[in-house]
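Below are the chains, spelled out letter by letter.
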Amino acid sequence: MLIPHDTRIALDTVVDLMNTAPQGDRPDALADLQGLHAFVHAHKISDVGDLGADDLRAVRTVREKFAAVFSAPEARIAAPLINQLVAGAGTTPQLTDHDGYDWHVHYFAPGASVADHLAADCGMALAFIVVAGEQERLRRCEAPDCGRAFVDLSRNRSRRYCDSRTCGNRLHVAAYRARRKEAAG
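This is a predicted model, so every value here is computed, not measured.

Time to look at the layout of surface pockets. Estimated volume of the largest pocket: approximately 400 Å³. Lining the largest pocket are 24 residues, with D6, I9, A10, H106 and D121 sitting closest to its centre. No other element matches the seven residues that helix α5 (residues 114–131) contributes to the lining of the largest pocket. Across the lining of the largest pocket, the residue classes tally to eleven nonpolar, nine polar and four charged. Reported here for the second largest pocket is a volume of approximately 230 Å³. For the second largest pocket, the lining is made up of 14 residues, of which D12, V15, F150, V151 and R159 are closest to its centre. Only α1 (5–18) and β4 (149–151) provide two or more residues apiece to the lining of the second largest pocket. Ranked by the residues each element gives to the lining of the second largest pocket, the list is headed by α1, at five residues.

The structure is reproduced here in structure tokens:
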């Protein structure tokens, strides 16, 4: 699947945003403004003004809506959710070549809030995945104690874990040890 650079960045951003949510013993990485500032800085989100409590609440709401898209069992359910996100952000496509990146499209209106920025750009990236008929690539880690979001970009759509070196390897080692224990017993 060929994914343009800006769409890939937006997909990575939506996954990282979803993975800021509290789960199990993982705390909410967007519990306060410091967490939001760190997220915006880490993802080099451009054209963002001063951030306040309203921005934090709005970004958490967008995060919940993205989680609903990932949980949608089919495109007919995901599409209206994505449409709502993108329309609510006041989408205004513009070509830009800032910060050393080649030409790409921003979907958020100039001066948009960080929540609208995320809803528009990341929502459009998810829309492209749905349009390509690739919604099944939007996944959650199958490790029982994880559940982190990821986009399966493997050639044969076979990725099951958010990170094969941690979750995948841990489960494979546990299965191996269980087989050895059973064989020894």
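Resuming the write-up.
Moving on, we come to helix α3 (residues 53–71). Between its terminal C-alpha atoms α3 stretches 27 Å, which fits the 27 Å expected from 19 residues at 1.5 Å a residue. Burial in α3 covers these residues: D55, L56, V59, V62, R63, F66, V69 and F70. One side of α3 carries all its buried residues, which in axial view fall inside an arc of 130 degrees. Among the exposed residues of α3, those oriented more than 90 degrees off its buried face are D54, E64 and S71. Contacts from the buried residues of α3 go to α1, α2 (33–42), α4 (75–88), α5, β3 (138–140) and β4.

What counts and how
Residues numbered from 1 in each chain as written. Predicted model: local features only at pLDDT ≥ 70, side-chain atom pairs only at ≥ 80, totals over all residues. Heavy atoms only, no water. 1 Å grid on protein atoms, 1.4 Å probe; cavity = no way out; pocket = protein on both sides within 12 Å on 5 of 7 lines; lining within 4 Å. Points joined across faces, edges and corners; volume = space filled by probe spheres on them. Helix = DSSP H or I, 4+ residues; strand = E, 2+ residues; numbered from the N terminus. Nonpolar A, V, L, I, M, F, W, Y, C, P; charged D, E, K, R; others polar. Expected span 1.5 Å × (residues − 1). Buried < 20%, exposed > 50% of the residue type's maximum accessible area, 1.4 Å probe, protein only. Arc of directions from axis to C-beta. Contact = heavy atoms within 4.5 Å.

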